[in-house]
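Observations on the three-dimensional arrangement
Here's the letter readout for the chains.
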Amino acid sequence: FDTCSLAEGRMYRLQVHLDRLFASAASARLPLPFGGDEAANRERITEIVRATCVASGRRSCDVRFWLTAGTGNLGVTPAGCTPSLYVLCFGGLPPLPGSEDADTVGISEATVPESVVPLKP
């Protein structure tokens, strides 16, 4: 799974999050849900994430998406399973203390060097 942010109607670094999702799926040997081609899966998943954000009616929220081997056997391999993608829009950043309007007040972006906090594998 991975989680990205929708801020004022704009998805924050969706492709970077999808890079990590695909790398995790490959490491876990999860088959992709829309055929074997990563480019086609990336395009379709991007469409689904965007459509889910629009359907949520939110302009700012957290967007979580995850892949599973899907329904099928209860064995240790994905044999007989149908890969699945799930997308959920939820929460969002709370208003800053003392702010009157969460829609006009935000949190400044900060960049933390990888040497301080390593990236998720």
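An account of the accompanying structure is given in this report. (Residues numbered from 1 in each chain as written. Predicted model: local features only at pLDDT ≥ 70, side-chain atom pairs only at ≥ 80, totals over all residues. Heavy atoms only, no water.)

Turning next to unusual backbone geometry. One non-glycine residue, Arg-13, adopts positive backbone phi at about 50°. The residue Arg-29 is not glycine, and still its phi comes out positive at about 60°. Within the secondary structure, Arg-29 sits in the loop between helix H1 (14-27) and helix H2 (38-56). (Helix = DSSP H or I, 4+ residues; strand = E, 2+ residues; numbered from the N terminus.)

At a minimum axis distance of 11 Å, the contact between H1 and H2 shows a crossing angle of 125°. As judged from the angle between their axes, H1 and H2 are oblique. As H1 runs across H2, the sense of the crossing is right-handed. Together, Leu-14, Gln-15, Leu-18, Asp-19 and Phe-22 of H1 and Glu-38, Asn-41, Arg-42, Ile-45, Thr-46 and Val-49 of H2 make up the contact between the two elements. Residue classes in the contact of H1 with H2 are distributed as 5 nonpolar, 3 polar and 3 charged. (Axes fitted to C-alpha atoms, helices over the stretch in contact; angles between N-to-C directions. Parallel < 35°, antiparallel > 145°, perpendicular 65-115°, else oblique. Left-handed = near helix turned anticlockwise from the far one by under 90°. Contact = heavy atoms within 4.5 Å. Nonpolar A, V, L, I, M, F, W, Y, C, P; charged D, E, K, R; others polar.)

Secondary-structure assignment places Thr-46 in helix H2. Residue Thr-46 is classed as buried on the basis of its relative accessible area of 8%. Once residues lying within four places of it in the same chain are set aside, the contact partners of Thr-46 are Leu-14, Gln-15 and Leu-18. (Buried < 20%, exposed > 50% of the residue type's maximum accessible area, 1.4 Å probe, protein only.)

With respect to topology, 4 strands assemble into an open sheet ordered S2-S1-S3-S4, the strand pairing being antiparallel. This sheet does not close on itself; its edge strands, each paired only once, are strand S2 (10-11) and strand S4 (84-90). Two strands pair when backbone bridges link them, and strand S3 (residues 61-68) and S4 are joined in this way by 7 bridges, in the antiparallel orientation. Across the sheet, residue Asp-62 finds its bridge partner in S4, namely Phe-90. Seen against the sheet, H2 touches strand S1 (2-7), S2, S3 and S4 and runs at an angle of roughly 35° to S4. (Pairing = 2+ DSSP bridges.)

Here we take up the side chain of Asp-2. Inspection of the secondary structure assignment puts Asp-2 in strand S1. On the basis of relative accessibility, which here comes to 2%, the residue Asp-2 falls in the buried class. A polar atom in the side chain of Asp-2 sits 3.1 Å from the side chain of His-17. Engagement of the side chain of Asp-2 in a polar contact is seen with the side chain of Arg-20, the distance being 2.8 Å. (Polar contact = N/O pair within 3.5 Å; in protein donor to acceptor, adjacent residues only side chain to side chain.)

Between its terminal C-alpha atoms H1 stretches 20 Å, which fits the 20 Å expected from 14 residues at 1.5 Å a residue. Inspection of H1 places Leu-14, His-17, Leu-18, Leu-21, Phe-22 and Ala-25 among the buried residues, and these make up the whole buried set. Seen from one end, H1 has its buried residues packed into an arc of 135°, which puts them on one side. Turned more than 90 degrees away from the buried face of H1 sit Ala-26 and Ser-27, all of them exposed. Buried positions along H1 lie against S1, S2, H2 and S3. Following H1 by one or two positions, Arg-29 adopts a phi angle in the positive range, close to 60°. (Expected span 1.5 Å × (residues − 1). Arc of directions from axis to C-beta.)

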